[in-house]
Amino acid sequence: MKKALRFASHILGFEKLDKYERDYLHDANIRSSIYMGVIVMALEVWMLVRQTYSKIIPKYQAGGDLFDLFVKYTTKYWLFLLIGLGVMLFCVFQKDKKLSKGRFWTLIVIGSACVLYTSVLSLESFTTESSSITPVMAGIMNAMLVSIYLLLFLIGVTIVTYALFKYRKNKTIVPLEHLAIIGFTLVCLAFGIFVSYSDFWGGKEIICFLTMVLYVGCLLIYRPYITILILGVSFYGFYQVLLTYQNGLSFQEQEVIISGVARKIISGDSVNYITFFISLATICFAIYHGRLNEAKKSKALEKNAKEDALTGMNNYSSFPGLAKEYIQGLTENFSENVFLFLDVHNFKAFNDQRGFEAGDKFLIAIGKHVSEIFSDSLCARQADDHFVVLTKTAGLMERLDALNKLVHDYDEEILLGINCGAYHLTGENEDPRMAIDRARYAAHLIKNRFQTVYAEYDKTMSEEYHKRLYIVNNIDNAVHNGWIIPFYQPVVWSDTKELCGCEALARWMDPVYGQLFPNEFIPVLEEYRLIHKLDKSIFESVCRDIRAAIDAGKPVFPASLNFSRLDFELMDAVQELEDLVTKYRIPKELIHVEVTESALTDNFLKLNEAMNRIKELGYSLWLDDFGSGYSSLNVLKDYQFDVVKIDMRFLSNLENSEKSKTLIDCIVKMANRINMLTLTEGVETETQAAFLNKIGCTRLQGYLFGKPISKEALYKRIDNGELIVSEKQL
Ligand code: C2E
Ligand code: CA
Ligand code: CA
């Protein structure tokens, strides 16, 4: 029983709709009103022409006063025309939710037309209009039309008052749209009834009535029960009118003689009329539910596009739009609103140590805390462990402290916390992306500074900020104009000190900033997920350089290329390399792929595939910065590297520390046991080099043998005998 009731209430449209669904249906109505506005206008023009020919001209020729005739026979059609035009314009402009000047005047015109229209018509008497009308019928007509006009009058007054009132405040006028549509519905019904009534050719002219009813019932979407109500009243009223008519359409029972017996049967017209009503009602139901389903689907789609899959918060692409709306809703005190960029301190360490799944759970928890603490604000997850919030400044510090505490307490062993960068709104034209970028920059400045949770962007920051922005904005230029070039740092055999290869290290030769070093641009490019553009360009330059050396008959030696973790996400890095190697016909043993240790703890599957492919394709795979992260040994277990590059921090204080010596010794031996060779980076002294040679580390790299230099400078050193290219290359 309950189920049946629920079903009935669903079918009749009593169920509660959410804002999205209501807006969707409303937008559909707005569109329908535009079409209908046009149709109404066309009909009115037609009526005006007809009135002129059939009434005004003959009566004028019979001696009538032209102006009087014109007023008498056309006023209401002009007003209808005006209402049609007004509603159409109003709906066309509806994208702008605020009350602009154009919309304001449209509203004034529609409202006044409604008022005028009803005033003019109330002066007319229906009984005099057509001689074929019985008094009963005229009474019904009057009752119907008067009630419609009364409503219309009220709506007209409301529209004008509301528009005048709201115009001063420049607020949203969505309720007016509803009102305008209801008004328009009434106008259409009135028009349909009126035309069908005044052209009452034997009651057969019901097409205009039906058209209007069809419009109201099918083009406009009201809840089904409302539609049924509107249709029911209109049909019933009109039915009563038609009943009183004796000729033409007849709804009265008729007597027929069947097999000699007189029987009363229902008239065919009446059956048709009822059938039409039923069909129309059914169609209305179907249309309403069809539209509603569309709304639901489109809501689901939109939700997916706007939502961050992991945390369910807004995602970053939807944030700027929402922020714009937020800002538009403000009228004063802009600077009391602030953009926050939240970054989780040590998230990477958490991910490395606790694993990917735990990292995800942690992010979900943070997302929940952010959403709860800033429940009255606009929040989104930007990417990774970054969140953005647009909120009020009042009570901000307390909220941040609470959030920091929750994040801090999440894990007992790993030191966690948040960095928050803030940027205050300056006015209503603030660009949200720019604002977030500045907040992010402020956060970036306090990264890894544990005691500092909060930093505000201010103008003194802007020099470095602009440099970062410059890098982000100019990476394409830099690649295109050849500002990015590889420098080469020698790698030597530890026994002979002969050159066995080199590492390609990027330099950005900028026309504005001069030479930029990787620590200035690599982290920025990684943060903005643009690093692949740089790496691709470096790969190509290196291949080009090797090709040129081969063609020139110069000695060649392998070059190692640095792959960023993001390269594997942002492009098909292995394929890109393979294509370049093919294009420049480079022997594969001349390319070494360096992947940094910390890259390999993320996104296991995808990287695993990439690593395997690198090996399958015949490149030598090197593990960079070994010992600088948390999961070194696991990485050795999971992948087969040819060479392990021991991070340079092991060398600091080597001379005085037995412990450091033992550690490096063990690492080298361990690597050898699992069939991996070793290279130590950052070798700066002869003592270090001698020690490393003694313990069996086969390759060395560091300032002792040469800093990274240009290709020309490197070959100069080779040509003048400072560097000897080893015969042995593997
Ligand atoms: P890395 O791959 O560990 O490169 C070694 C860095 O140590 C280089 O810094 C090099 O100049 C420096 N270095 C070498 N020997 C010594 C030494 O004896 N003492 C000292 N103190 N430093 C030494 P650089 O060129 O500034 O590069 C920094 C980092 O930037 C690189 O670290 C690498 O992670 C990244 N990088 C450089 N070029 C590229 C590139 O083309 N693509 C990517 N993805 N990353 C790059
Ligand atoms: Ca490297
Ligand atoms: Ca390194």
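As the structure is a computational prediction, the values presented were derived from the model and not from experiment.

Participant: Give me the overall build of the protein chain: which residues, what numbers.
Facilitator: For the protein chain, the count of helices and strands is 24 helices and 16 strands. Taking 27 Å as the expected radius of gyration for a compact globule of 730 residues, we find that the protein chain reaches 40 Å, considerably beyond that expectation. Taking the principal axes of its C-alpha atoms as reference, the protein chain extends roughly 125 × 65 × 60 Å. By the burial criterion, 49% of the 730 residues in the protein chain qualify as buried. Across the protein chain, contacts joining residues at least 24 apart in sequence account for 70% of those joining residues at least 6 apart. Accessible surface, the protein chain: about 35,400 Å² in total, of which carbon and sulfur atoms supply 59%. Positive and negative charge centroids in the protein chain, built from 77 and 85 side chains respectively, lie 6 Å apart.

Participant: Describe in detail the coordination of the calcium ion (ligand 3), supporting the description with residues and values.
Facilitator: The coordination sphere of the calcium ion (ligand 3) contains the protein donors Asp624 (OD), Asp625 (OD), Glu681 (OE) and Glu681 (OE), at a distance range of 2.2 to 2.5 Å. All donor residues of the calcium ion (ligand 3) come from one chain, and their arrangement in sequence is D-D-x55-E. Between the calcium ion (ligand 3) and the calcium ion (ligand 2) the interatomic distance comes to 3.9 Å, and aspartate 624 is a ligand of both metals. Within this pair, whereas aspartate 625 is found in strand E13 (residues 620-626), its partner glutamate 681 is found in the loop between strand E15 (677-680) and helix H23 (686-695), the two being separated by 56 residues in sequence.

Participant: Can you explain the packing of helix H2 (residues 19-61) against helix H3 (residues 66-92)? Please cite residues and give values.
Facilitator: Running from N to C, H2 and H3 point in directions that differ by 170°, and their axes come no closer than 8 Å. The pairing of H2 with H3 is recorded here as roughly antiparallel in orientation.

Participant: With reference to specific residues and values, describe the coordination of the calcium ion (ligand 2).
Facilitator: The protein atoms that coordinate the calcium ion (ligand 2) are Glu503 (OE), Asn562 (OD1), Glu594 (OE) and Asp624 (OD), at distances spanning 2.1 to 2.3 Å. For the calcium ion (ligand 2), all donor residues lie on one chain, and their spacing in sequence is E-x58-N-x31-E-x29-D. We classify glutamate 594 as buried; its relative accessible area is 1%.

Participant: Kindly report on empty space enclosed by the protein, identifying the contributing residues and their values.
Facilitator: The final tally for this structure, using the stated rule, is four cavities of 30 Å³ or more. Considered as a void within the structure, the largest cavity measures approximately 120 Å³ in volume. Every residue along the wall of the largest cavity is listed here: Tyr488, Cys502, Val542, Asp545, Ile546, Ala549, Val556, Phe557, Ala559, Lys711, Leu714 and Tyr715. Only helix H17 (531-551) and helix H24 (711-719) provide two or more residues apiece to the lining of the largest cavity. The element contributing the most residues to the lining of the largest cavity is H17, with four residues. Tallied by class, residues from the lining of the largest cavity come to 10 nonpolar, no polar and two charged.

Participant: Account for the domain arrangement of the protein chain, naming residues and giving values.
Facilitator: Each domain of the protein chain was delimited in the assignment, giving domain 1 (2-300), domain 2 (314-457) and domain 3 (478-719). Distance from the C-alpha centre of domain 2 to the C-alpha centre of domain 3: 35 Å.

Participant: Quick rundown of the nonpolar core? Include the residues and the values.
Facilitator: In this structure, Phe568 and Met611 are the most contacted members of the largest nonpolar core, which totals 84 residues. With eight residues, the top contributor of residues to this core is H17.

Participant: Outline the sheet that holds strand E4 (residues 378-383), listing residues and values.
Facilitator: Judged by pairing direction, the sheet is mixed, and its five strands sit side by side in the order E4-E5-E3-E6-E7 without closing on themselves. The two strands at the open ends of the sheet, each matched to only one other strand, are E4 and strand E7 (454-456). Here the average twist between neighbouring strands, direction ignored, is 25°. Relative to strand E5 (residues 386-392), strand E3 (residues 337-345) runs antiparallel, the two being bridged by seven bridges. In the sheet register, valine 338 faces E5, and the bridge partner there is threonine 391.

Participant: Outline helix H9 (residues 268-306), supporting the account with residue identities and numerical values.
Facilitator: Taking 1.5 Å per residue as the helical rise, H9 with its 39 residues ought to reach 57 Å, and the 56 Å between its terminal C-alpha atoms agrees with that figure. All buried positions along H9 are accounted for by Ser270, Tyr273, Leu280, Ala281, Cys284, Phe285, Tyr288, His289, Leu292, Ala295 and Ser298.

Participant: Lay out the packing of aromatic side chains in plain terms, naming residues and giving numbers.
Facilitator: Applying the stated criterion across every chain, the model contains 20 aromatic pairs. Aromatic side chains phenylalanine 70 and tryptophan 78 sit 6.4 Å apart centroid to centroid with 45° between the ring planes, which places their arrangement in the tilted category. Taking the centre distance of 4.4 Å and the plane angle of 25° together, the rings of phenylalanine 362 and tyrosine 410 count as stacked. In this pair, phenylalanine 362 is assigned in helix H12 (residues 356-373) and tyrosine 410 in the loop between helix H13 (396-408) and strand E6 (417-424), connecting sequence segments 48 residues apart. The exposure class assigned to phenylalanine 362 is buried, which follows from its relative accessible area of 1%. A residue is classified by how much of its surface remains accessible, and tyrosine 410, at 33% relative accessible area, is partly exposed. What links up through ring pairs into an aromatic cluster is the set Phe235, Tyr273, Phe276 and Phe277. The ring of tyrosine 715 has lysine 554 sitting right over it, with the charged end atom 4.8 Å from the ring centre. Above the plane of the ring of tyrosine 703 lies lysine 707, whose end atom (NZ or CZ) is 4.7 Å from the centre.

Participant: I'd love a proper account of the site of ligand 1, names of residues and values included.
Facilitator: Residues in close proximity to ligand 1 total 22 residues, the closest being Gln489, Ala506, Asp535, Glu684 and Tyr703. At 3.0 Å from an oxygen atom of ligand 1 is found a side-chain nitrogen or oxygen belonging to arginine 507. One of the side-chain nitrogen or oxygen atoms of aspartate 625 is found 3.3 Å away from an oxygen atom of ligand 1. For ligand 1, whose unbound accessible area comes to 790 Å², protein coverage reaches 80%. Elements with a minimum of two residues in the shell around ligand 1: strand E9 (499-510), helix H16 (518-527), H17 and E13. Of the residues belonging to the shell around ligand 1, the class tally is 10 nonpolar, five polar and seven charged.

Participant: Outline the pairing of strand E11 (residues 559-563), supporting the account with residue identities and numerical values.
Facilitator: In terms of residue burial, E11 counts as a mostly covered element, since four of its five residues are buried. Two elements, E9 and E11, share two bridges in a ladder whose sense is parallel. Of the residues in E11, the one forming a bridge with cysteine 502 is alanine 559. Examined bridge by bridge, E11 and strand E12 (residues 591-596) share five bridges and lie parallel to one another. Paired with serine 560 across the strands is histidine 592, a residue of E12.

Participant: I'd like a rundown of H13, residues and numbers included.
Facilitator: The terminal C-alpha atoms of H13 lie 18 Å apart, and with 13 residues this matches the ideal 18 Å at 1.5 Å per residue to within 8%. Considered for burial, the residues of H13 that qualify are Leu396, Arg399, Leu400, Leu403, Asn404 and Val407. The buried residues of H13 occupy an angular sector of 135° when the element is viewed end-on, so they sit on one face. Residues of H13 that are exposed and point more than 90 degrees away from the buried face comprise Glu398 and Lys405. Residues of H13 that are buried in the fold lie against E3, H12, E5, E6 and E7.

Criteria and thresholds
- Residues numbered from 1 in each chain as written.
- Chains lettered and ligands numbered in written order.
- Predicted model: local features only at pLDDT ≥ 70, side-chain atom pairs only at ≥ 80, totals over all residues.
- Heavy atoms only, no water.
- Helix = DSSP H or I, 4+ residues; strand = E, 2+ residues; numbered from the N terminus.
- Rg over C-alpha atoms; globule rule 2.2 N^0.38 Å.
- Buried < 20%, exposed > 50% of the residue type's maximum accessible area, 1.4 Å probe, protein only.
- Contact = heavy atoms within 4.5 Å.
- Areas by Shrake-Rupley, 256 points an atom, 1.4 Å probe, with all protein chains shown as cover.
- Lys, Arg positive; Asp, Glu negative; His and termini not counted.
- Charge placed at Lys NZ, Arg CZ, Asp CG, Glu CD.
- Donors = N, O, S within 2.8 Å, 3.2 Å for Na, K, Ca; no water.
- Axes fitted to C-alpha atoms, helices over the stretch in contact; angles between N-to-C directions.
- Parallel < 35°, antiparallel > 145°, perpendicular 65-115°, else oblique.
- 1 Å grid on protein atoms, 1.4 Å probe; cavity = no way out; pocket = protein on both sides within 12 Å on 5 of 7 lines; lining within 4 Å.
- Points joined across faces, edges and corners; volume = space filled by probe spheres on them.
- Nonpolar A, V, L, I, M, F, W, Y, C, P; charged D, E, K, R; others polar.
- Domains from an automatic or database assignment.
- Core = buried A, V, L, I, M, F, W, Y, C linked by side-chain atoms within 4.5 Å.
- Pairing = 2+ DSSP bridges.
- Expected span 1.5 Å × (residues − 1).
- Phe/Tyr/Trp six-rings, centres within 6.5 Å; stacked < 30°, edge-to-face > 60°.
- Lys NZ or Arg CZ within 6 Å of the ring centre and 35° of its normal.
- Near = heavy atom within 4 Å.
- Polar contact = N/O pair within 3.5 Å; in protein donor to acceptor, adjacent residues only side chain to side chain.
- Arc of directions from axis to C-beta.

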